[in-house]
Amino acid sequence: MRNDLRATVSGLRESEERYRRSIDSANDAIFAVDPVTLEILHANRKAAEVTGTADVAGHPFLDLHPTDHRARAREFLARVAAAGEGTLSDIDLCCHGGTRLPVSISASMIVHGAGRFVQLICRDLSERKRMERELVQAEKLSTVGVLAAGILHELNTPLAYVQANLESMGRVVRALPKGPATSALRTGLSDALEGARSASTIVRDLRIFARSRDEATETFDVNDAVRMALRMAQHELKYRATVMAELGEVPHVLGQATDLSQVFLNLLVNAAHAIPAGNVRQNRVHVVTEVVGDRAVARISDTGGGIPSEALPRIFEPFFTTKPEGVGTGLGLAISRDILRRIGGDIRVETKIGAGTTFIVELPLAAS
Ligand SMILES: Nc1ncnc2c1ncn2[C@@H]1O[C@H](COP(=O)(O)OP(=O)(O)OP(=O)(O)O)[C@@H](O)[C@H]1O
Ligand SMILES: [Mg+2]
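Residues numbered from 1 in each chain as written. Chains lettered and ligands numbered in written order. Predicted model: local features only at pLDDT ≥ 70, side-chain atom pairs only at ≥ 80, totals over all residues. Heavy atoms only, no water.

(A) Quick look at the nonpolar core. Counting residues in hydrophobic clusters, the biggest one holds 40 residues, and the most contacted among them are Leu-260, Phe-264, Leu-268 and Val-361. Residues in contact with Val-361, not counting those within four places in the same chain, are Val-263, Phe-264, Leu-267, Ala-296, Val-297, Ala-298, Leu-340, Asp-346 and Ile-347. Judged by nonpolar contacts, the second largest core, of 28 residues, contains Phe-61, Ile-91, Met-109 and Leu-120. (Core = buried A, V, L, I, M, F, W, Y, C linked by side-chain atoms within 4.5 Å. Buried < 20%, exposed > 50% of the residue type's maximum accessible area, 1.4 Å probe, protein only. Contact = heavy atoms within 4.5 Å.)

What follows is the structure, encoded as structure tokens:
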């Protein structure tokens, strides 16, 4: 009889130990709470990690919530005590260092021997919330892209007739007798025409850029894609650096020219942003294209500040940016790498603090 009892007690201890171990290794913060006093009876390792308190046993559970969420937590615990279980989809816990952690809680009443406690499993929602925010941002970007494509289409016609009218007025003015008035008119018209032509080029490039991709594989000239990107990035670059382009003889590569312009445009704008405005003569953005083995290689170098070692491993992550809101979304390099890998290419970076950064783009040559 005594032996039986001993075996039962040791079996119970073992099963309790197993239960504790499985609770402790869980990835969610788990609390056992007294349903009457609302004191914490036990908390697992993850709970200690989240709250930053090694031993929360004996603390009031409600204190783990920020003051503005305590009434909801109290009402939830009362509901669970009455119904035996319940879930709360979105509530904050106070974290180590004063931050708030959004969690969802699923709770159940557990009867244990003569006593009972509420078991609360708190799942971290911060990653899900971050992804939701990013999805909204990506949606917004694609809407802006569609709107921009429409506006560019609308701009094309008026720009064409502004240009045509300026050209025909130029012909009329050229036929007028020479004098100070006609000379001023001629200069004014020629400047206006130059402005209209450059606006048309920008609109044309942006329209090609905003065009949605069809999946058919094309071949294209890398140097054309670089030139288009250089024209589009000109406004970002011209107050910061002297641009040097050494575009070598490169056979056609596989892929879409517009996709590649997007890659080069982002690299050029990034290079411009790495250089403070003002010192155009001293700063350089250097673009080189060449063939290395069976690949076309483009190098975009800048004399900017370089990429700090803590940021370097993250630069290709979607939404990683060190730029202020409204300047960067952190999508440029992530999209670029995606575009390049889809066509069998790749992108690498070399950087030195205080000296500058070089991005190296590799592309497979199209079979000739
Ligand atoms: N040439 C560079 N010099 C220094 N830092 C750079 C350079 N290129 C990229 N970076 C760093 O990498 C980060 C990510 O670049 P990425 O192009 O992906 O996003 P972004 O430029 O911040 O925003 P977006 O391209 O979406 O407008 C930048 O915020 C910057 O910190
Ligand atoms: Mg960028």
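From this point on, the discussion continues.
(B) Spatial organisation of unusual backbone geometry. Although it is not a glycine, Leu-38 sits at a positive phi angle of roughly 60 degrees. Secondary-structure assignment places Leu-38 in the loop between strand 1 (29-33) and strand 2 (40-43). (Helix = DSSP H or I, 4+ residues; strand = E, 2+ residues; numbered from the N terminus.)

(C) Summary view of the packing of helix 7 (residues 257-273) against helix 8 (residues 332-342). Close contact between helix 7 and helix 8 brings their axes to 9 Å; oriented N to C, the two are set at 145 degrees. Between helix 7 and helix 8 lies a crossing of left-handed hand. Between helix 7, through Asp-259, Leu-260, Gln-262, Val-263, Asn-266, Leu-267 and Asn-270, and helix 8, the contact on the second element is made entirely by Gly-332, Leu-333, Ile-335, Ser-336, Ile-339, Leu-340 and Arg-342. (Axes fitted to C-alpha atoms, helices over the stretch in contact; angles between N-to-C directions. Left-handed = near helix turned anticlockwise from the far one by under 90°.)

(D) Representation of the packing of helix 6 (residues 222-237) against helix 7. Remark: helix 6 packs on helix 7, axes separated minimally by 8 Å, with the N-to-C direction vectors making an angle of 35 degrees. Judged by the twist between their axes, the crossing of helix 6 over helix 7 is right-handed. For the pair formed by helix 6 and helix 7, the contact residues are Val-222, Ala-225, Val-226, Met-228, Ala-229, Leu-230, Met-232, Ala-233, Glu-236 and Leu-237 on the first element and Ala-257, Leu-260, Ser-261, Phe-264, Leu-265, Leu-268, Val-269, Ala-272 and His-273 on the second. Here the contact of helix 6 with helix 7 is built from residues that sort into 16 nonpolar, two polar and one charged. (Nonpolar A, V, L, I, M, F, W, Y, C, P; charged D, E, K, R; others polar.)

(E) Fine view of the domain arrangement of the protein. For the protein, the assigned domains read domain 1 (2-124), domain 2 (127-212) and domain 3 (214-368). A straight line from the C-alpha centre of domain 1 to that of domain 2 covers 63 Å. (Domains from an automatic or database assignment.)

(F) Up close: the sheet that holds strand 1. Within the open sheet, the five strands sit side by side as 2-1-5-4-3. Their pairing is antiparallel. Bordering the open sheet on either side are strand 2 and strand 3 (85-94), each of which pairs with just one other strand. Adjacent strand axes in the sheet meet at a mean angle of 30 degrees, parallel and antiparallel pairs treated alike. Pairing between strand 1 and strand 2: three bridges, direction antiparallel. Bridge pairing links Phe-31 to Ala-43 in strand 2. Across the sheet, helix 3 (residues 70-83) lies against strand 3, strand 4 (100-112) and strand 5 (115-124), angled at about 155 degrees from strand 3, the strand it touches most. (Pairing = 2+ DSSP bridges.)

(G) Quick peek at the state of the cysteines. The full count for this structure, using the stated rule, is zero disulfides. Of all cysteine sulfurs, the one in Cys-95 lies closest to Cys-94, which takes part in no disulfide; the gap is 7.7 Å. Residue classification places Cys-94 among the partly exposed residues on the basis of a relative accessible area of 28%. Cys-95 provides the cysteine sulfur closest to Cys-122, a residue in no disulfide bond, and the two sulfurs are 11 Å apart. Looking at Cys-122, the relative accessible area reads 3%, which means it is buried. (Disulfide = S-S within 2.5 Å.)

(H) Summary view of the pairing of strand 1. Burial within strand 1 is extensive, with five of its five residues counted as buried. Alternating residues of strand 1 divide into Ala-29, Phe-31 and Val-33 and Ile-30 and Ala-32, and every residue in both groups is buried. Of the strand pairs in this sheet, strand 1 and strand 5 are connected by five bridges, and their pairing is antiparallel. Bridge assignment links Phe-31 to a residue of strand 5, and that residue is Leu-120. As consecutive antiparallel partners, strand 1 and strand 2 are separated by six residues, and within that stretch Leu-38 has a phi angle of approximately 60 degrees, a positive value.

(I) Region of the structure containing the coordination of the magnesium ion (ligand 2). Protein ligation of the magnesium ion (ligand 2) involves Asn-266 (OD1) and Asn-270 (OD1), the donor distances falling in the range 2.2 to 2.3 Å. Taken together, the residues span about one helical turn, with Asn-266 and Asn-270 both in helix 7 at a distance of four residues. Residue classification places Asn-266 among the buried residues on the basis of a relative accessible area of 16%. (Donors = N, O, S within 2.8 Å, 3.2 Å for Na, K, Ca; no water.)

(J) Representation of the packing of aromatic side chains in the model. Per the counting criterion, the structure on display carries one aromatic pair. With centroids separated by 5.3 Å and ring planes inclined at 70 degrees, the aromatic side chains of Phe-31 and Phe-61 adopt a geometry described as edge-to-face. Placement of the pair is Phe-31 in strand 1 and Phe-61 in the loop between helix 2 (45-51) and helix 3, with a sequence separation of 30 residues. Like Phe-31, the residue Phe-61 is buried in the burial classification. (Phe/Tyr/Trp six-rings, centres within 6.5 Å; stacked < 30°, edge-to-face > 60°.)

(K) Region of interest: the pattern of salt bridges. Applying the stated criterion to the full structure yields 18 salt bridges. The closest approach of N and O atoms between Asp-28 and Arg-123, which form a salt bridge, is 2.7 Å. Of the two residues, Asp-28 sits in the loop between helix 1 (2-24) and strand 1 while Arg-123 sits in strand 5, which places them 95 residues apart along the sequence. Look at Asp-28 and you get buried, because its relative accessible area is 12%. By relative accessible area, Arg-123 is classed as partly exposed at 47%. (Salt bridge = Lys/Arg side-chain N within 4 Å of Asp/Glu carboxyl O.)

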